[in-house]
Amino acid sequence: MTVRTFPPHPRAAYAVDPAATRGRLFDEPESRSRSPFQRDRDRILHSTAFRRLKHKTQVFVYHEGDHFRTRLTHSLEVAQIARTLARMLGLDEDLTEALALAHDLGHTPFGHEGEDTLDASMADYGGFDHNAQSLRIVTRLECRYADFNGLNLTWEALEGLAKHNGPLTDADGRPAGKFAKTGLPHAISAYVPMHDLELSTWPSLEAQVAAISDDIAYDAHDIDDGLRARLFTLDDLVDVPEVGPIIRAVAERYPGLEPQRLVHETTRRMIGHFVEDVRLETNRRLDIADPRSADDVRAHDGPLVAFSEPSAAAEKGLKTFLFARMYRHADVLAVREGASRVMRDLFSWFLEDPARLPEEWRHGLEHAPQTRHARRVCDYIAGMTDRYALEEHRRLFDDTPELR
């Protein structure tokens, strides 16, 4: 049997170079055995916040079933896709993987319902945004090192976390996009005066790859989880562009294939399809833009990592399908309402009296203003797992909902 070898792709000129990193907020000796971005990845993997993702929900609560995704398994799947794309494009795989693993660190318990509820509870105190909370975790809340708070990640890792979806301000520093009306999230506006992350520019290609890999993984595993939960069937998906043809091709190639294998083969091929589409479209854009450095990528007037127009439309159509048939399904909505009540009750309880917080969380709040107290409560609740939030609610209240 002939064994093919796959030599590593050479680093492209537009990739982020670990030897030219802009460094860390707090100076540290360089490692003899790992690049700066390898150290970033390893610090994320060993963080408390990363371990907590094991019991944080994507769509279903943690005890719904052992085979449904959690934030942890989702992050690992995103990292696998992102690393594959980074290798194809000649990017720094370690930085890409670090960003993929860290992108959900700031998520609350109970998925997006928890985030929406906590944002509403914090409306008078600066709001809540999970992407900004990820930055807050790695720059402030993780307490592992003797010399500094946070993980002291490289500038490139922090930049990618803060703006992996695009610039947050215009060239004059005014909040842009979804933050134009609300202003920048608290965690970002509090950090950038100390460490300028150049919020008006696009992020590196590594960060852009991590962001689009999140979309690919989300779509594929939500189909898998939705089918497993019997919220819809494969027949319901046959009219979805670029998904239906894959389902039909698998069924024709393997007639009589048992449903479990049919689902897996479909989602596997779907991931491969979207990854290849991103590779081709990104290379097309790179050929036109011809960036000669990572700074050229940052200065470009738009994203360079993207789906092609047909695949972007198909991906949007798939999200529309999932929103209607999965995220807004009556069973899921019932769980979300119960989860929202748990979050509201916990926030109100701890906000009412700072002495109710655990000792390590109430330190320094004795004479603090209400805004600081609220942010501390927010940090505490956002860090909870689904399981711990429910346990705390049962300890404090007599009517904890059954989230099933």
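Our structure is the block above this text.
Residues numbered from 1 in each chain as written. Predicted model: local features only at pLDDT ≥ 70, side-chain atom pairs only at ≥ 80, totals over all residues. Heavy atoms only, no water.

J.: Give me the lowdown on the overall build of the chain, citing residues and values where you can.
T.: Looking only at helices and strands, one finds 18 helices and zero strands in the chain. For the chain, whose C-alpha radius of gyration is 22 Å, the value lies close to the compact-globule estimate of 22 Å for 404 residues. The principal-axis extents of the C-alpha atoms in the chain amount to approximately 70 × 50 × 45 Å. A buried classification covers 54% of the 404 residues belonging to the chain. Pairs at least 24 apart in sequence give 72% of the contacts found in the chain among residues at least 6 apart. Counting every atom, the chain has about 19600 Å² of accessible surface; 50% of that belongs to carbon and sulfur. Taking the 52 positively charged and 67 negatively charged side chains of the chain as two groups, their mean positions are separated by 3 Å. (Helix = DSSP H or I, 4+ residues; strand = E, 2+ residues; numbered from the N terminus. Rg over C-alpha atoms; globule rule 2.2 N^0.38 Å. Buried < 20%, exposed > 50% of the residue type's maximum accessible area, 1.4 Å probe, protein only. Contact = heavy atoms within 4.5 Å. Areas by Shrake-Rupley, 256 points an atom, 1.4 Å probe, with all protein chains shown as cover. Lys, Arg positive; Asp, Glu negative; His and termini not counted. Charge placed at Lys NZ, Arg CZ, Asp CG, Glu CD.)

J.: Residue-level account of the side chain of Glu 113, with values.
T.: Tracing the chain through its elements places Glu 113 in helix α5 (residues 111-121). With relative accessibility at 15%, the residue Glu 113 sits in the buried group. Discounting residues that sit within four places of it in the chain, Glu 113 has contacts with Arg 336 and Ser 340.

J.: Run through the environment of Ala 157, naming residues and quoting values.
T.: Looking at the element boundaries, Ala 157 is found in helix α7 (residues 155-163). On the basis of relative accessible area, Ala 157 is assigned to the buried category, the value being 2%. Each C-alpha atom of the pair Ala 157 and Thr 70 lies 23 Å from the other, and the pair is 87 residues apart in sequence.

J.: So what's going on with empty space enclosed by the protein? Which residues, and what values?
T.: In this approach a probe as big as a water molecule rolls over the atoms, and the regions it shows empty are the leftover space. This model, assessed by the stated rule, comprises one cavity of 30 Å³ or more. The volume enclosed by the largest cavity comes to roughly 50 Å³. Among the secondary structure elements, those contributing two or more residues to the lining of the largest cavity are α7 and α9 (205-228). It is α9 that provides the largest number of residues to the lining of the largest cavity, a total of four residues. Class assignment of the residues belonging to the lining of the largest cavity gives a composition of five nonpolar, three polar and one charged. (1 Å grid on protein atoms, 1.4 Å probe; cavity = no way out; pocket = protein on both sides within 12 Å on 5 of 7 lines; lining within 4 Å. Points joined across faces, edges and corners; volume = space filled by probe spheres on them. Nonpolar A, V, L, I, M, F, W, Y, C, P; charged D, E, K, R; others polar.)

J.: Please provide a residue-by-residue account of the packing of helix α12 (residues 259-289) against helix α14 (residues 309-327), values included.
T.: Where α12 contacts α14, the axes come no closer than 11 Å and their chain directions differ by 140°. Judged by the angle between their axes, α12 and α14 are oblique. At the point where α12 passes α14, the crossing takes the left-handed sense. Taken together, the residues of α14 that come into contact with α12 (itself represented by Met 270, His 273, Phe 274 and Asp 277) are Ser 311, Glu 315 and Leu 318. (Axes fitted to C-alpha atoms, helices over the stretch in contact; angles between N-to-C directions. Parallel < 35°, antiparallel > 145°, perpendicular 65-115°, else oblique. Left-handed = near helix turned anticlockwise from the far one by under 90°.)

J.: Explain the layout of surface pockets to me, and be specific about the residues and the numbers.
T.: Estimated volume of the second largest pocket: approximately 920 Å³. If you go around the second largest pocket, you meet 37 residues; those closest to its centre are Arg 136, Arg 140, Leu 141, Glu 142 and Asp 379. Breaking the lining of the second largest pocket down by element, the ones donating at least two residues are α2 (48-52), α6 (130-141), α8 (186-191), α16 (359-362) and α17 (370-382). Here the element with the most residues in the lining of the second largest pocket is α6; it accounts for eight residues.

J.: Would you mind going over the nonpolar core in detail, with residue names and values included?
T.: Of all hydrophobic cores here, the largest spans 82 residues; its most connected members are Ile 44, Leu 105, Leu 197 and Leu 237. Here this core takes 11 residues from α9, the largest share from any one element. Excluding residues that lie within four positions of it along the chain, Leu 237 makes contacts with Ile 223, Phe 232, Val 243, Gly 244, Ile 247, Leu 318 and Phe 321. One finds Phe 110, Leu 351, Ala 382 and Leu 403 within the second-largest nonpolar core, a separate group that totals 26 residues. (Core = buried A, V, L, I, M, F, W, Y, C linked by side-chain atoms within 4.5 Å.)

J.: So what about the side chain of Asp 40? Which residues, and what values?
T.: Examined against the element boundaries, Asp 40 turns out to sit in helix α1 (residues 36-45). Residue contacts for Asp 40: discarding those within four places in its chain leaves Arg 24, Ala 98, Leu 153, Thr 154 and Ala 157.

J.: Hey, could you go over the pattern of salt bridges for me, with residue numbers and the actual values?
T.: Taken as a whole and assessed by the stated rule, the structure comprises 39 salt bridges. The shortest N-O distance in the salt bridge between Arg 279 and Glu 276 comes to 2.6 Å. One end of the pair, Arg 279, and the other, Glu 276, are both in helix α12, three residues apart, so they sit about a helical turn from each other. What emerges from the salt-bridge pattern is a single network uniting Arg 34, Arg 41, Asp 42, Arg 83, Arg 87, Glu 93, Asp 94 and Glu 97. (Salt bridge = Lys/Arg side-chain N within 4 Å of Asp/Glu carboxyl O.)

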